[in-house]
Amino acid sequence: MKTINDIFAESLDIPLADVTDDLSYQAIAQWDSTAHMVLIGAIENHYDIMMDTDDIIDMSSVAKAKKIIKKYQQ
Amino acid sequence: MINTPGPSRKWDFHRYGVSLSKFIESDIEMVRQWRNTPKISQQMLDKTYITEKQQQAWYQQLIQDESQQYFLAYFKEQAIGVVSLTKIDRLGGTAEPGMYIYNDDFLNNIVPFCVAFALNDFAFEELQLKRLYGKIYLTNRASIRFHEASGYQIDKHDKNTGLQIIHLDKHAYNFAKQKITQFIRY
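Residues numbered from 1 in each chain as written. Chains lettered and ligands numbered in written order. Predicted model: local features only at pLDDT ≥ 70, side-chain atom pairs only at ≥ 80, totals over all residues. Heavy atoms only, no water.

S.K.: Got a minute to help me understand empty space enclosed by the protein in this structure?
M.R.: Take a probe with the size of a water molecule and roll it over the atoms, and the empty space left behind shows itself. All names here are of chain B. All told, the structure shown has 1 cavity of 30 Å³ or more when counted by the stated rule. Of the voids in this model, the largest cavity is the one considered here, and its volume is about 30 Å³. Forming the walls of the largest cavity are Ile136, Ile144, His147, Glu148, Tyr152, Gln153, Ile154 and Ile166. If you list the elements that add at least two residues to the lining of the largest cavity, you get α5 (141-149) and β7 (153-158). Per-element tally for the lining of the largest cavity: the top contributor is α5, with 3 residues. The residue inventory of the lining of the largest cavity, partitioned by class, reads 5 nonpolar, 2 polar and 1 charged. (1 Å grid on protein atoms, 1.4 Å probe; cavity = no way out; pocket = protein on both sides within 12 Å on 5 of 7 lines; lining within 4 Å. Points joined across faces, edges and corners; volume = space filled by probe spheres on them. Helix = DSSP H or I, 4+ residues; strand = E, 2+ residues; numbered from the N terminus. Nonpolar A, V, L, I, M, F, W, Y, C, P; charged D, E, K, R; others polar.)

S.K.: I keep staring at the interface of chain B and chain A and nothing clicks. Help me out?
M.R.: Each partner contributes residues to the interface: chain B has 20 residues there, and chain A has 18 residues. Where chain B abuts chain A, roughly 1700 Å² becomes buried across the two surfaces, and 55% of that area is made up of carbon and sulfur atoms. Area buried by chain B at its contact with chain A is led by Asn108, Phe183 and Arg185 of chain B, which between them contribute 38% of it. Across the pair arginine 185 of chain B and glutamate 44 of chain A runs a salt bridge, and its minimum N-O distance is 2.6 Å. (Contact = heavy atoms within 4.5 Å. Buried area = accessible area lost by both parts, 1.4 Å probe. Salt bridge = Lys/Arg side-chain N within 4 Å of Asp/Glu carboxyl O.)

Here it is in structure tokens:
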């Protein structure tokens, strides 16, 4: 089953090994505005959730993404 | 620095959680300081340092010039950047948009799209323009991806300047923006 790390790797087009909880959007060039929206679309589709825009903005690291997704799954 | 709306602030356009407010005189020193910050000036075609005197002269010319409009972009009542329409040609229905986000908290997520789309909607709906032109550096991959996702089409490459000429038509824009605006849920 696909993991959140797999989704990050595919959406940002980076190696899976580079996806750690510390990875943040200020850290790599691949995580630009357009990639962020690809990532959001992939997350919403995979987890069948619809996030608030403020959460979309707040999703600035892998760790934060995991926390936000968990909130929608409760 | 003033970065929250004061009583004299007038909103000229509001959409996607973004408010655009035309420059007023009390804005221009803050904007000058933003513009002279290396992270912003390096993005500009003209990278020269702007003095207070130059900024004041530019503003006095701006307020009398109908071919240019400059706005502070507010998100959640905080000034986060600057957008502009220059070379506005009402008869030809064209203009050149410009944008920068000063606040790093709002880079690399959905907010730059919100700001750009607010400006584009203002241009196409309020000013009734038909086409927007832009110039971007081919080396700026993020900018190319951003503009393509917004519906821009590539015209030609200027080998002398390294700039790519791009344009955005209203129909292509309205089609492209739907993919992003579905996530703007304000």
